[in-house]
Amino acid sequence: MPDNRIQCNIIESGLFLSEVAERSGQNISACYQCRRCAAGCPVGMQAGVTPDRLIRMITLGQKHEALNNLLVWKCVACYTCGVRCPNNIQTARITETLKQMAKEAGIEPIMHRTLDFNSSFMQAAGRLGRFNELEGMTIYETKTILRDLKKGDLKSIIKEIKDRAELGLAMFQKKRLHTGFERIKRLSEVKNLYKKAGFSRKEDRQ
Amino acid sequence: MTEVAYYPGCSLHASSELYDVQCRMVFSNLGIELKEIDDWNCCGATAAPKTDDFLAIALPARNLGIADATGLSEMVIPCSSCYSRTLVSQKRLLNDSKLKDEINSELNNKVEGRIKVSSILDLLMPKLHSGELAAKTQKKLSGLKTACYYGCLLTRFPCDISVDDNVENPESMEKICEALGAEPVDWGYKTDCCGASASVNDTEQSLLLMSYILKDAVARGADCIVTTCPLCQMNLDAHQKKVCEKYGINKELPIYFITELIGISMGFDPIAMQIDRHFVDALDLLKEKGLV
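Reading the values: the criteria
- Residues numbered from 1 in each chain as written.
- Chains lettered and ligands numbered in written order.
- Predicted model: local features only at pLDDT ≥ 70, side-chain atom pairs only at ≥ 80, totals over all residues.
- Helix = DSSP H or I, 4+ residues; strand = E, 2+ residues; numbered from the N terminus.
- Rg over C-alpha atoms; globule rule 2.2 N^0.38 Å.
- Buried ≥ 20, exposed ≤ 12 C-beta atoms within 10 Å, placed from the backbone.
- Contact = placed C-beta atoms within 7 Å.
- Nonpolar A, V, L, I, M, F, W, Y, C, P; charged D, E, K, R; others polar.
- Core = buried A, V, L, I, M, F, W, Y, C linked by C-beta atoms within 7 Å.
- Pairing = 2+ DSSP bridges.
- Axes fitted to C-alpha atoms, helices over the stretch in contact; angles between N-to-C directions.
- Parallel < 35°, antiparallel > 145°, perpendicular 65-115°, else oblique.
- Left-handed = near helix turned anticlockwise from the far one by under 90°.
- Arc of directions from axis to C-beta.
- pLDDT = per-residue confidence, 0-100.

Here we look at the overall build of chain B
At step 1: If you tally the helices and strands in chain B, you get 14 helices and eight strands.
At step 2: Taken over C-alpha atoms, the radius of gyration comes to 19 Å for chain B, in line with the 19 Å a tight globule of 292 residues would show.
At step 3: Evaluated residue by residue, chain B yields a buried proportion of 58% over its 292 residues.

Some thoughts on the interface of chain B and chain A
At step 1: With 45 residues of chain B in contact, the opposing surface of chain A contributes 50 residues.
At step 2: Of the residues assigned to the side of chain B that touches chain A, the class counts are 23 nonpolar, 13 polar and nine charged.

Some remarks on the nonpolar core
Residue and element names in this part refer to chain B.
At step 1: If you look at the biggest cluster of nonpolar residues, it comprises 144 residues, and the most contacted ones within it are Met 75, Ile 213, Ile 225, Val 226 and Leu 261.
At step 2: The element that contributes the greatest number of residues to this core is helix H3 (residues 53-69), accounting for nine residues.
At step 3: Leave out the neighbours within four places in its chain, and Met 75 touches Val 4, Ala 5, Tyr 6, Tyr 7, Ala 67, Ile 115, Val 117 and Ser 118.

Digging into the sheet that holds strand E6 (residues 183-184) of chain B
Residues and elements named next belong to chain B.
At step 1: Reading across from one edge, E6-E5-E7-E8 is the order of the four strands in this open sheet, with parallel pairing throughout. Here the strands that pair on one side only, and so sit at the sheet edges, are E6 and strand E8 (255-257).
At step 2: Note: strand E7 (residues 224-227) against E8, three bridges, orientation parallel. Bridge pairing links Val 226 to Tyr 256 in E8.
At step 3: The strands touched by helix H11 (residues 230-238) within the sheet are E7 and E8, with E8 carrying the most contacts at an inclination of about 160°.

Some details on the packing of helix H12 (residues 187-196) of chain A against H3 of chain B
At step 1: Where H12 of chain A meets H3 of chain B, the axes come as close as 10 Å, and the angle between the chain directions of the two elements is 165°. One finds that H12 of chain A runs roughly antiparallel with respect to H3 of chain B. Read as a crossing pair, H12 of chain A and H3 of chain B show a hand that is right-handed. Contact residues: Glu 189, Val 190, Leu 193, Tyr 194 and Lys 196 of chain A in H12 of chain A; Phe 54, Leu 55, Ala 58, Leu 59 and Arg 62 of chain B in H3 of chain B.
At step 2: Broken down by class, the residue content of the contact of H12 of chain A with H3 of chain B amounts to seven nonpolar, no polar and three charged.

Structural notes on helix H6 (residues 120-129) of chain B
Quick reminder: α-helices carry 3.6 residues per turn. Residues three or four places apart thus point the same way.
Residues and elements named next belong to chain B.
At step 1: All of the buried residues along H6 are Ile 120, Leu 121, Leu 123, Leu 124 and Lys 127. Down the axis of H6, the buried side of the element spans an arc of 155°, and every buried residue falls inside it. Pointing more than 90 degrees away from the buried face of H6 are the exposed residues Pro 126 and His 129.
At step 2: Directly after H6, the chain includes Gly 131, whose backbone phi takes a positive value near 85°.

Considering the environment of Ala 14 of chain B
At step 1: Relative to the helices and strands, Ala 14 of chain B is located in the loop between strand E1 (2-6) and helix H1 (17-29).
At step 2: Since 22 C-beta atoms lie within 10 Å of it, Ala 14 of chain B is described here as buried.
At step 3: Put simply, Ala 14 of chain B and Leu 59 of chain B are 45 residues apart on the chain and 19 Å apart in space, counted from C-alpha to C-alpha.
At step 4: If we ignore the near neighbours within four places in the chain, the residues touching Ala 14 of chain B are Glu 133 and His 178 of chain A.

Quick look at the pairing of E1 of chain B
Residue and element names in this part refer to chain B.
At step 1: For E1 and strand E2 (residues 32-36), the ladder comprises five bridges, and the chain directions are parallel. Bridged to Ala 5 within E2 is Lys 35.
At step 2: Across two bridges, the pairing between E1 and strand E3 (residues 74-76) is parallel. Bridging from a neighbouring strand, Ala 5 pairs with Met 75 of E3.

Remarks on the confidence of the model for chain B
At step 1: Of the residues in chain B, 100% reach a pLDDT of 70 or more, and the chain-wide mean stands at 97.
At step 2: This complex was scored by the predictor with a pTM of 0.95 and an ipTM of 0.96.

Concerning the sheet that holds E1 of chain B
All names here are of chain B.
At step 1: Pairing is parallel in the open sheet, where four strands are placed in the order E2-E1-E3-E4. Of all the strands in the sheet, the pair left with one neighbour each is E2 and strand E4 (116-118). With direction set aside, neighbouring strand axes in the sheet form an average angle of 40°.

Written out as structure tokens, the structure reads:
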């Protein structure tokens, strides 16, 4: 008979639980698994993990599982789980924290595109102080395509270029494509905030 | 004219520029002058809290400092994402003076946290209740069935922020539509997520979420969807053809900004409001209903 008993190292799991709870600002231990969050989660079905399951992984100290599941990368931060939770736990804040912790732990994200989009957005927003759509999308597409190229995934590259060209053309036709670059005057303030956050462009290019 | 501080955000200066134009036209007619705050920066949108907790609070904080320095009492933010991030930042700094000092040390205009941060609906509702909105309407939008779509960030926050509307079933947009003479439909997906930026990095997931929204709106007999968020508008408009093909939805719905319906009702020229910049044609329906 297979051994299905839950393995749990009390000290290690406690440390992991406190770190996630503190950084996300969520009282994770209050969860009593009522699964109202699961019923409301728009991506849980496709992710194969619902917010209650993610919380369970954290309380059991299953660090590797908590940092390596599709919900962390597919969460759309709609905040439905948090609004429905009788204990006011915002799992969307937890997935945001886990994305950052996964990066710090050097774990390859299951969905690179999510990481690439967020980092490209932040990079573009920090360069001139405003998010210029064409710039942000160029950084993102470059990252994504280079990554697919490294993997030799030509099919994904072709699909990406086709989809983006279609959207770009439609935006151009409807005069929704904005090619200008806006730059703020006191850019040094934003740059200093980025510096304070330890956000370096080199680290971000990874 | 009452002056209200105005944070357009990056989207209203780029792909959703039409919404910026419409906001200025509509509010000016309601006696509110939108004073765009000087030298504002990107709020970090949904990417910041997924990347860095400090920047997620600090980037909107810089804008709050600039807004506080205007001496005005209220700032309106039409984009739901910018509105949410700015409100969350203000709330956090109210309770965390250490973080506030740390951020303020980098800022020219220090955050006081004094200015009231409002969504576009927060600014419209008093005008509805006072009767000023109805007084400015010239055309009744009779026979126009609207599915009012709120999306996520107008009513749901990652921290304790109270909302004037019902969180699970908001109705302020329906009330505005009724005042314009339109017929809002009762439907089930008004606060569901369109996928937001997932339309870029998790496209299939986002198309699925949009299919739920569009299918229900069509099933309830809506002629169009009405929204206040430029990201929801862009998603449901630009990707609609693809969603309809993939999920067998046989009716296309124009996705209006609330300002477009108010503006039409006020008798504004649809081209001056740039309603011709939609992906799913938004003028034909207005013509069909005899509104333009």
